[in-house]
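Next come the chains, spelled out residue by residue.
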Amino acid sequence: MAPTDTSNPAYFHKVVDCQWACPAHTPVPEYIRLIAQGRYTDAYMINWRSNVFPGVLGRTCDRPCEPACRRGRVENEPVAICRLKRVAADNKDDVTARLPRPAATKNGKRIALIGAGPASMTVARDLLPLGYTCVIYDQDPKAGGMMRTQIPRFRLPDRVLDEECGYILGLKPETRFGTRVDSLKAVLDEGYDAVFVGSGAPRGRDLDIPGRQEAAEHIHIGIDWLANVSFGHINKIGKRVIVLGGGNTAMDCCRTSRRLGGQEVHVVVRSGFEEMKASPWEKDDAMGEGIPIHNYLVPRQFLHDKGKLTGITFEKVKAEYDDKGRRRLVPTGEPDVKFDCDDVLVAVGQENAFPWIERDIGLEFDSRWDMPKVDPETFASTHPKVFFGGDAAFGPKNIIWAVAHGHAAAVSIHLSCSGKDVKNDRPAPHVNLTSQKMGIHEWSYDNDVSLDLRFKVPHAPHEETLRNVNMEVELGYTRELGYKEALRCLNCDVETVFDGGLCIECDACVDICPMDSITFTANGEEAELRTHLKAPANNTTQDLYVSDILKTKRVMVKDEDVCLHCGLCAERCPTGAWDMKKFYLETAQATSCSR
């Protein structure tokens, strides 16, 4: 193998698994260390720069960082990264003085933002300090988009969303709330320099099965029903409720139903339990509130009596797999199953709806899904002035993805309005790699590894939360629990960096490494080399760190997958060939274009 190019920022970035997995590339270990030091405001501001909504995401994020967490490789549970984000948000001081100010002078460029969800709000936050006039359109009376309409208040209180949307509204965008956009052409005709479409995936899928029309009064589309609850238009539901679907929206529907009068609430899913799209913790919370989940049942018919819904019949199915591992659901041949109910909430998926975008304005749609053609790096459409992001770009995902899209689209809009190429002139990330050495065996970070298992988050009592649709269920970590959980972080951003010119090949680092991740061996092709290490390197998604040829004609090979970043190799090395260097990466944003 060729020597590892550690000058490439992507190499060490990939080693920081949590940050690499985060769509917004938040510097996770850095803010966790600050929490452990009690520097909550500093930790919050690191989050705020990257993910814009730390308090919101500390409660609602889908947590792509946690399955990637290195702690999960040495025990079952990763660090509670998401909940630590909330610790920073809940314990910060007033951050007003640390936020950007509205631009003193405007640059003459006007940007229309369609939708006031996380993607559009991120674009506004990035562009407003640069002097842009941002005009935000939304059919709802307040900012937040799906964060406000589809996430129940018992998971995300209004005060948290209002505060973090308020930071962006404080930058003085023009707001046209309560305004529905029915024509993209009409918006373009207003002379905007760019238009960002962050309208989400506003249409819930329906079920066209017998009885749907006859019993329509008590069959509700999940996302529309949640929005009506959010804005106070609905405050009750029948005693017997069936929720159809296995995603997070279905979990929000069933838990909300319990709080609005549903005494017998059941979730029915066509797939298996493990295949459900809902996050594991969302399923746990629903079942913890006494809501059973029934799997492998496909709805066949809504039952009704003169228009009054009485129940649903389901066909029992099972999963079969072909020789390529593709699944299909086939009937078991058993009798149908009947559930009695008074109301049904349909949460079987969401899709984009663009009837308001004319098809003769130079904006191309694909023929398969009728979705706009969007560049996945620049978020530009085929119309030179129109950009997309969030669920409107590639279909339903989650808040953190929408934020990442917003940052990238803001860069593109700024480059476009500056007369630059949105693909070839994109700025590089800001990167530092700094030694943590303070002496021969002293470091500026704590490299003791906590042996604690993941700490549980306190919850409010069910007897109180199930009576109040607005009462927050999770109470969050206390400062004490947050400190203990922060100590579980393995400091993956403090990298082990090797200098072959200083190495005397004494193998002291090999002897002391607790994970057998270091080997001195003859070089070879990667597939072969992975089998020659002290511990075989089976995870090919993580790289091998390979040195130049050493004096004995061997190379040093370190398996980045199992390294705990404990620093024992650097402490043991008699020549300083190993050093612990903190890697810090901030992704480029619109402000980076002028650096």
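Conventions we followed
Residues numbered from 1 in each chain as written. Predicted model: local features only at pLDDT ≥ 70, side-chain atom pairs only at ≥ 80, totals over all residues. Heavy atoms only, no water. Helix = DSSP H or I, 4+ residues; strand = E, 2+ residues; numbered from the N terminus. Buried < 20%, exposed > 50% of the residue type's maximum accessible area, 1.4 Å probe, protein only. Contact = heavy atoms within 4.5 Å. Pairing = 2+ DSSP bridges. Axes fitted to C-alpha atoms, helices over the stretch in contact; angles between N-to-C directions. Right-handed = clockwise from strand over helix to strand, strands pointing away. Expected span 1.5 Å × (residues − 1). Core = buried A, V, L, I, M, F, W, Y, C linked by side-chain atoms within 4.5 Å.

A. Broad picture of the side chain of Ser50. Among the secondary structure elements, Ser50 is positioned in helix α4 (residues 40–51). The buried category is assigned to Ser50, whose relative accessible area is 4%. Once residues lying within four places of it in the same chain are set aside, the contact partners of Ser50 are Ala24, His25, Thr26, Pro27, Val403, His407 and Gln589.

B. Highlighting the sheet that holds strand β8 (residues 264–268). The strand order across the open sheet formed by five strands is β6-β14-β7-β8-β9, and the pairing between neighbours is parallel. At either end of the open sheet lies a strand with only one pairing partner, and these are β6 (219–221) and β9 (293–294). Pairing geometry for strand β7 (residues 240–244) and strand β14 (residues 343–346), over four bridges, is parallel. Across the sheet, Leu244 pairs through a bridge with Val346, a residue of β14. Where helix α13 (residues 248–259) meets the sheet, its contacts fall on β7, β8, β9 and β14, and the angle it forms with β8 comes to roughly 170 degrees.

C. Representation of the pairing of strand β2 (residues 133–138) within the structure. Counting buried positions along β2 gives six out of six residues, so the element sits mostly inside the fold. Strand direction decides the pairing type here: strand β1 (residues 110–114) and β2, joined by five bridges, are parallel. Residue pairing in the sheet places Ala112 in a bridge with Val135 of β2. After leaving β1, the chain enters helix α8 (residues 118–127) and then returns to the sheet as β2, a path that is right-handed. Across four bridges, β2 lies against strand β3 (residues 174–177) in parallel orientation. If you follow Asp138 over to β3, its bridge partner there is Phe177.

D. Examining the pairing of strand β19 (residues 518–521) more closely. Of the two faces of β19, the one lined by Ile518 and Phe520 and the one lined by Thr519 and Thr521 are each fully buried. As defined by bridge partners, β19 adjoins strand β21 (residues 555–559) across four bridges and the pair is classed as antiparallel. Within β21, the residue paired with Phe520 across the bridge is Met556.

E. Region of interest: α4. Taking 1.5 Å of rise per residue, twelve residues should cover 16 Å, and α4 covers 16 Å from first to last C-alpha, within 8% of that figure. Among the twelve residues of α4, eleven are classified as buried, and the element is accordingly described as predominantly covered. Three or more residues of α4 are buried, namely Tyr40, Thr41, Ala43, Tyr44, Met45, Ile46, Asn47, Trp48, Arg49, Ser50 and Asn51. Following α4 by one or two positions, Val52 adopts a phi angle in the positive range, close to 70 degrees.

F. Layout of the nonpolar core. Counting residues in each nonpolar core, the largest one holds 67 residues, and the members touching the most others are Phe53, Leu184, Val195 and Phe388. The greatest single-element share of this core, amounting to nine residues, is contributed by helix α16 (residues 399–417). The residues contacting Phe53, other than those within four sequence positions of it, are Pro118, Met121, Thr122, Met147, Glu164, Cys165, Ile168 and Val403. Of all hydrophobic cores here, the second largest spans 56 residues; its members include Phe12, Met45, Trp48 and Val95.

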